[in-house]
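Report on the structure
The primary structure of each chain is shown beneath.
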Amino acid sequence: MRVDILSKEYPPAVYGGAGVHVAELVRALRSRGDLDVRVRCFGERRDEAGTTAYADLPGLAGANAAITTLGVDLAMAGDCVGADLVHSHTWYANLGGHLASLLGGMPHVVTAHSLEPMRPWKAEQLGGGYRVSSFAERTAYEGAAGVIAVSAGMREDILRSYPALDPSRVHVVHNGIDSQEWAPDRSPAAREVVVGHGMDPDRPSVVFVGRITRQKGLPYFLRACAELPPEVQLVLCAGAPDTAEIKAEVEGLIDTLRAQRGGGVVWIPDMRPRSEVVALLSHGTVFACPSIYEPLGIVNLEAMACELPVVATATGGIPEVVVDGETGWLVPIEQVADGTGTPVDPDRFVADLAAALNRALSDPERAKRFGVAGRARAVESFAWTSIGERTLDVYRQVVGG
């Protein structure tokens, strides 16, 4: 079977969970030896057999970002002819997969990492392009032979957002983790890395890793951190802001925290190599995932694999990963039913988040036990070998059907 996988992100250009997912899925599928897996991605040329990268079309220079994206999709689509199946990831590549399916007659599978109807704040970033991205996603989903949701919670969101979809076409296959590459590293070299970033490995700490985007809930987290004991340091590996507005909001909250706490706030404003992130996670006390929208939250798996307990919002697919009272603490949230994920009572959410963080920090031995249990869960339930097999099962169903 020849499978063409279409994605905006692919190593080394990975900035989010979708890119991590694609890279690991490709590796798992190629390791079988009985599949011809070809990758079609955005950007600069990759020196990898079976992988083709597509630059923005020169004729679309200066166009709205969504239109530029569709130009790449058009270039990809024609090259997929001859595949037995095309598999696209995120709206950036969805229309490419849909058009390839129309051209070549092969089935199209979509993996849902997020949904445009659930992220209306993207209108801030894309303007009218948000309507274009929403059109591309809806068209691809409704025309797909199969849709893979990365969690049961995400499946519910898909069917609610796109009621025209036949539920039998929507399958749940969780995200995964490479537990060899994501593993505790408390070596002298790793300690040197965290010290180099300004983190004191001997102080209790709360670690956050993620993009500066509305869905990650960073402003709520920063407000909650004002309620933490003064000896607790905050380590923020947070970059790639969606807009200048949210960047300015986060910068202002960080400046306020630094003034209130007299230091102990470490902000790493760019995405770091995996080895450095592993070092930071391995020297933390607790990991924070304050997301208000999270289909699964692969970042929680990464923290758990490094034996870091997790405090996370009980939304989306997060409760399918973090087990409350065993691998971490889930923070309740009541959300506005308008697709934004905004808390009905933001102050209550901030207070509940602060309380959960303080519970985690108050008992370091319990936190360590939760961390060990979290790694065991990541290894046993989210291995890429089994996730690759479940994905292949979906391929077989849509090709055979």
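Preceding this paragraph is the structure being described.
Everything numeric here is computed off the predicted structure, so don't read it as measured data. (Residues numbered from 1 in each chain as written. Predicted model: local features only at pLDDT ≥ 70, side-chain atom pairs only at ≥ 80, totals over all residues. Heavy atoms only, no water.)

1. Concerning the pattern of salt bridges
As enumerated under the stated definition, the model contains 25 salt bridges in all. Between Asp4 and Arg40 there is a salt bridge, with the nearest N and O atoms lying 3.1 Å from each other. Taken together, the residues Asp4 in strand β1 (residues 2–7) and Arg40 in strand β2 (residues 36–42) connect sequence positions 36 residues apart. By relative accessible area, Asp4 is classed as buried at 0%. Exposure remark for Arg40: the relative accessible area of 6% places this residue in the buried category. Among the salt bridges present, the one from Arg274 reaches Glu181, with a minimum N-O distance of 2.5 Å. Residue Arg274 is located in helix α10 (residues 274–282), and its partner Glu181 is located in the loop between β7 (170–172) and α7 (188–196); the two are separated by 93 residues in the primary sequence. The class for Arg274 is partly exposed, based on a relative accessible area of 36%. In the salt-bridge network here, residues are joined through shared partners; they are Glu24, Arg27, Asp178, Glu181 and Arg274. (Salt bridge = Lys/Arg side-chain N within 4 Å of Asp/Glu carboxyl O. Helix = DSSP H or I, 4+ residues; strand = E, 2+ residues; numbered from the N terminus. Buried < 20%, exposed > 50% of the residue type's maximum accessible area, 1.4 Å probe, protein only.)

2. Notes on the packing of aromatic side chains
Counted by the stated rule, this structure contains 5 aromatic pairs. Here Tyr141 and Tyr162 contribute two aromatic rings whose centre-to-centre distance is 5.3 Å and whose plane-to-plane angle is 45°, an arrangement assigned as tilted. Of this pair, Tyr141 sits in helix α5 (residues 129–143) while Tyr162 sits in the loop between α6 (152–161) and β7, and the two are 21 residues apart along the sequence. Assigned by exposure class, Tyr141 and Tyr162 land together as buried. Just above the ring of Tyr92 sits the side chain of Lys8; from NZ or CZ to the centre is 5.0 Å. (Phe/Tyr/Trp six-rings, centres within 6.5 Å; stacked < 30°, edge-to-face > 60°. Lys NZ or Arg CZ within 6 Å of the ring centre and 35° of its normal.)

By themselves, these are just geometric observations and shouldn't be taken as functional.
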